Amino acid sequence: GLCSETVRRAGGSASRALADLAAETGDVTAVSLLGDLSTDLPGVVDATAAAVEGHALGGYRYTGQRRPGAGGRLRSVTVVAPDLQDAPAVFSRACTVVEAVACARDLVNAPASVLTPDAYARVIADLAERSGVTVEILAERELADRGFGGLTAVGRGSAHPPRLVRMHYLPEVADRPKVALVGKGVTFDAGGISLKKPTGMDTMISDMGGSAAVVATVLAAAELELPVEVTATVPLAENMPDGDALRPGDIVHHYGGTTSEILNTDAEGRLILADALARAVEDDPDLLVDAATLTGAQVATLGDRITAVMGTPSLRDRIVEHGRPMPLPAEIATDIRSDVADVRNTGSSRWGAMAAAGQYLAHVIPVGLDWAHLDIAGPAWNSGAARGYTPGRATGVPVRTLISFLGEVSELPTRQ
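Residues numbered from 1 in each chain as written. Predicted model: local features only at pLDDT ≥ 70, side-chain atom pairs only at ≥ 80, totals over all residues. Heavy atoms only, no water.

Just checking my understanding: could you explain the packing of helix α10 (residues 313–320) against helix α13 (residues 399–409) for this structure?
A pair of packed helices is characterised by two quantities: the angle between their axes and the separation of those axes. Where α10 contacts α13, the two axes come as close as 10 Å, and the packing angle between them is 120°. The crossing of α10 and α13 is right-handed. Between α10 and α13, the contacting residues are L315, R318 and I319 on the first element and T401, F405, E408 and V409 on the second. Its residues assigned to classes, the contact of α10 with α13 comprises four nonpolar, one polar and two charged. (Axes fitted to C-alpha atoms, helices over the stretch in contact; angles between N-to-C directions. Helix = DSSP H or I, 4+ residues; strand = E, 2+ residues; numbered from the N terminus. Left-handed = near helix turned anticlockwise from the far one by under 90°. Contact = heavy atoms within 4.5 Å. Nonpolar A, V, L, I, M, F, W, Y, C, P; charged D, E, K, R; others polar.)

Below, the structure is given as structure tokens:
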């Protein structure tokens, strides 16, 4: 039925069609009545925000280094909204959400030759400075000295050393709930020694989609001045094969003391996340959420449009809301036990691989901490045709979900 998501998709489709028209005929401006639907259709909630988001996200174009064409552009879309007192605030918030999604898309779309771990870290620092977010960057020597063995092991095979970026947004209101975010930032994933097949490897520039979403979400929280404290721990590495690369059979010592037996170097995301999650736990958060393009099994199980959400039931279900969360079966946890380390980085069977990755991450989460894991391997990148407000290439998933989640948390009582 008709709902805000329908409005968002309609706005995206309209903007994309208008942009295509402009490319052929010259610059185009438009007026949209989608934002005024809620006055006539009680089933549509927040139509103004949905229309703004849909039109803006549907009009997104990433042209990279392509030379400008001879045609015009979609210059503007004026969204007609109900005459409500809070309409300006609704519009402003929607614009902030759009900017965050576009930021994540731009980061994911950038070539790995440009967005190396070091360059990425410096981009994050620059964006954070503009938004009043504090940043700490750890380079390879500091990572080694402090025991971030998963991150240094994965990055060892690349000419571009790893980085760990820490972001901190502190609201003006004291003693607010504290949320820790962690995002996988593999700037390019060749698979390491367990080399991937050539087909589709070009899309592995998107293997830092979780980090891009987390970075954009923290920036948006600051721009929206949400009354919730947010820390983000973002591990950045490039997974490449060379003479010093991580090998199957190696044992990795993680930040926090756990060890992993390596069966497959292409299961590298969980190695850097284990370090980052252990560090994030030290901030004593109330809630911990990680986002990662983690497993091909997520795509095989749910397709390329649905995010898998796992973790402690209370937080998992709050994020999923009306969706269907993925379980973390106990037998999968047993399957990743190792005789020579605390855990193995893959299971013994190709079945249940998505849950195995979730259980691997769960082993570094303390009992009693609410944690959710978002596997966005499919939804973070659209290899097919554009649809609705979703373009080809980077989608910006799950930025809108995380911003909405932080908005919900910001309404919780003060920390005790």
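Is there a simple way to think about the packing of helix α3 (residues 87–109) against α13 in this case?
Two elements in contact, α3 and α13, have axes separated by 9 Å at closest approach and are oriented at 135°. Relative to α13, the element α3 is oriented oblique. The handedness of the crossing between α3 and α13 is right-handed. Each of R93, V97, A100, V101 and A104 in α3 lies in contact with α13, whose residues at this interface are V399, R400, I403 and S404. Here the contact of α3 with α13 is composed, by residue class, of six nonpolar, one polar and two charged. (Parallel < 35°, antiparallel > 145°, perpendicular 65-115°, else oblique.)

When you look at helix α4 (residues 117–131) in this model, what are you seeing that I'm missing?
Given 3.6 residues per turn, any residue in an α-helix points the same way as the ones three and four places further on. Given a rise of 1.5 Å per residue, 15 residues ought to cover 21 Å, and the 21 Å separating the end C-alpha atoms of α4 matches this to within 8%. Among the residues of α4, P117, A119, Y120, A121, I124, L127, A128 and S131 are the ones counted as buried. Tucked into the core, α4 has its buried residues touching α3, β3 (134–138), β4 (163–169), β6 (185–189), α7 (209–224) and β7 (229–239). (Expected span 1.5 Å × (residues − 1). Buried < 20%, exposed > 50% of the residue type's maximum accessible area, 1.4 Å probe, protein only.)

What am I meant to see in the side chain of T48 here?
As for its placement among the helices and strands, T48 is situated in helix α2 (residues 47–58). A residue is classified by how much of its surface remains accessible, and T48, at 10% relative accessible area, is buried. Of the polar contacts made by the side chain of T48, one reaches the backbone oxygen of G35; its length is 2.9 Å. (Polar contact = N/O pair within 3.5 Å; in protein donor to acceptor, adjacent residues only side chain to side chain.)

How do you make sense of unusual backbone geometry when you look at a structure like this?
Excluding glycine, most residues fall at negative phi; most peptide bonds, likewise, are trans. In the segment running from V397 into P398, the intervening peptide bond is cis, with an omega of 0°. Tracing the chain through its elements places P398 in the loop between β15 (393–394) and α13. We note that D175 has phi near 60°; this positive angle belongs to a residue other than glycine. Within the element layout of this structure, D175 appears in the loop between β4 and β5 (178–183). For D175, a relative accessible area of 52% translates into the label exposed.

Would you mind showing me how to read the packing of aromatic side chains here?
Between two aromatic rings, the relevant description is the distance of the centres plus the angle of the planes. Using the criterion set out here, one finds one aromatic pair in the structure. Geometrically, the ring pair formed by F148 and Y255 is stacked, given 4.2 Å between the ring centres and 15° between the ring planes. Residue F148 is found in the loop between α5 (140–146) and α6 (149–155), and its partner Y255 is found in the loop between β8 (251–253) and β9 (259–261); the two are separated by 107 residues along the sequence. For Y255, a relative accessible area of 15% translates into the label buried. Its guanidinium or amino end placed over the ring of Y60, R105 lies 5.1 Å from that ring's centre, counting from NZ or CZ. (Phe/Tyr/Trp six-rings, centres within 6.5 Å; stacked < 30°, edge-to-face > 60°. Lys NZ or Arg CZ within 6 Å of the ring centre and 35° of its normal.)

Would you explain the environment of E225 in this entry?
You can see E225 is positioned in the loop between α7 and β7. Each C-alpha atom of the pair E225 and E172 lies 8.3 Å from the other, and the pair is 53 residues apart in sequence.

What's the story with the sheet that holds strand β12 (residues 343–344) in this structure? I'm lost.
Strand pairing in a sheet relies on backbone hydrogen bonds, with the paired strands running either antiparallel or parallel. Read from one edge of the open sheet, three strands run β8-β9-β12, paired in mixed fashion. In this open sheet, the two strands that pair with only one neighbour each are β8 and β12. Where β8 lies against β9, three bridges are found, and the strand directions are antiparallel. Paired with H253 across the two strands is T259, which belongs to β9. (Pairing = 2+ DSSP bridges.)

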